[in-house]
Amino acid sequence: MKITVIWPGKTKEQFILEGLRRYLKLLRPYADIQTIELKEEKGSDVRKILEKEGERILRLQTPYTLFDEKGEALTSMEFASYLAGHQSSINFVLGGAYGVSEEVKKRAHDIISLSRMTFTHEMSRLFFLEQLYRAFTIKHKRGYHH
């Protein structure tokens, strides 16, 4: 399975980078996974930030599943089933510090929530990769998920 994960900005926190590397390595046997870090917009105008980052996401012209706090809440088992429904490839978008623009939300194939709680966008990346790994271990009946 080919998975592309798209997010704006580089991950700066060292402990999160270590976690991302760990889960990307654990995911290798299950999927060809690629992360695309788009340019993070700077400034104080949130509307402009969301618009510019949204343009960069939409410029990729690829269908995607968006992770957003207002998306559908799935259990890990339900996410594993969702993933299993995409046999060959799937693209995921995680927003930046302010989320994503309304246009990015409108064009999403599906919108899923990691949690109703608020996390930093960098922590969300780590939590997402952990859940992705968990979904594959559920699908392949490994002992990670109990």
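Remember, it's a predicted structure, so these values are computed and weren't measured experimentally.

A. Spatial organisation of the overall build of the protein. Secondary structure summary: the protein contains five helices and five strands in total. Order of helices (α) and strands (β) in the protein, N terminus to C terminus: β-α-β-α-β-α-β-α-β-α. Relative to a compact globule of 146 residues, whose C-alpha radius of gyration would be 15 Å, the protein shows 15 Å and is just as compact. Within the span of the protein, comprising 146 residues, buried residues form 45% of the whole. A fraction of 83% describes how many contacts in the protein between residues 6 or more apart in sequence connect residues 24 or more apart. Counting 24 positive and 19 negative side-chain charges, the protein places the averaged centre of each group 5 Å from the other.

B. Looking closely at the pattern of salt bridges. Applying the stated rule across the entire model yields 10 salt bridges. Between Glu103 and Arg107 there is a salt bridge; the shortest N-O distance is 2.8 Å. With a gap of four residues between them, Glu103 and Arg107 both fall in helix α4 (residues 102-107), about one helical turn apart. On the basis of relative accessible area, Glu103 is assigned to the partly exposed category, the value being 29%. Residue classification places Arg107 among the exposed residues on the basis of a relative accessible area of 51%. Measuring nitrogen to oxygen at the nearest pair gives 2.8 Å for the salt bridge that ties Arg134 to Glu130. Taken together, the residues Arg134 and Glu130, both in helix α5 (residues 121-139) and four residues apart, mark about one turn of the helix. By relative accessible area, Arg134 is classed as buried at 17%. Each of the salt bridges in this network shares a partner with another, and the network as a whole consists of Lys12, Glu40 and Lys42.

C. Examining the packing of aromatic side chains more closely. Enumeration over the complete set of coordinates arrives at 11 aromatic pairs. Here the aromatic rings of Tyr30 and Phe136 are separated by 5.6 Å at their centres, their planes lie at 15 degrees, and the arrangement is stacked. Here Phe136 lies in helix α5 and Tyr30 lies in the loop between α1 (14-27) and β2 (32-38), a separation of 106 residues in the sequence. In terms of burial, Tyr30 and Phe136 fall into one category: buried. Their ring planes at 70 degrees and their centres at 4.8 Å tell us that Phe119 and Phe127 sit as a pair that is edge-to-face. In this structure Phe119 comes out as partly exposed when scored by relative accessible area, which is 32%. Owing to a relative accessible area of 30%, Phe127 belongs among the partly exposed residues under this scheme. Grouping aromatic residues by their ring pairs yields a cluster made of Tyr23, Tyr30, Tyr133, Phe136 and Tyr144. Stacked on the ring of Tyr23, the Lys or Arg Arg22 has its end atom at 5.1 Å from the ring centre.

D. Spotlight on the sheet that holds strand β5 (residues 110-113). What the five strands build is an open sheet, ordered β2-β1-β4-β3-β5; its pairing is parallel. A strand with exactly one partner marks an edge of an open sheet, and here the two such strands are β2 and β5. Across this sheet, the average inter-strand angle for adjacent strands is 40 degrees, counted without regard to direction. Summarising the sheet, strand β3 (residues 65-73) and β5 pair through five bridges and their orientation is parallel. Pairing of Phe67 across the sheet is with Ile112, part of β5. Relative to strand β1 (residues 2-8), α5 is tilted by about 170 degrees, and along the sheet it contacts β1, β2, β3 and β4 (89-94).

Definitions and cut-offs
Residues numbered from 1 in each chain as written. Predicted model: local features only at pLDDT ≥ 70, side-chain atom pairs only at ≥ 80, totals over all residues. Heavy atoms only, no water. Helix = DSSP H or I, 4+ residues; strand = E, 2+ residues; numbered from the N terminus. Rg over C-alpha atoms; globule rule 2.2 N^0.38 Å. Buried < 20%, exposed > 50% of the residue type's maximum accessible area, 1.4 Å probe, protein only. Contact = heavy atoms within 4.5 Å. Lys, Arg positive; Asp, Glu negative; His and termini not counted. Charge placed at Lys NZ, Arg CZ, Asp CG, Glu CD. Salt bridge = Lys/Arg side-chain N within 4 Å of Asp/Glu carboxyl O. Phe/Tyr/Trp six-rings, centres within 6.5 Å; stacked < 30°, edge-to-face > 60°. Lys NZ or Arg CZ within 6 Å of the ring centre and 35° of its normal. Pairing = 2+ DSSP bridges. Axes fitted to C-alpha atoms, helices over the stretch in contact; angles between N-to-C directions.

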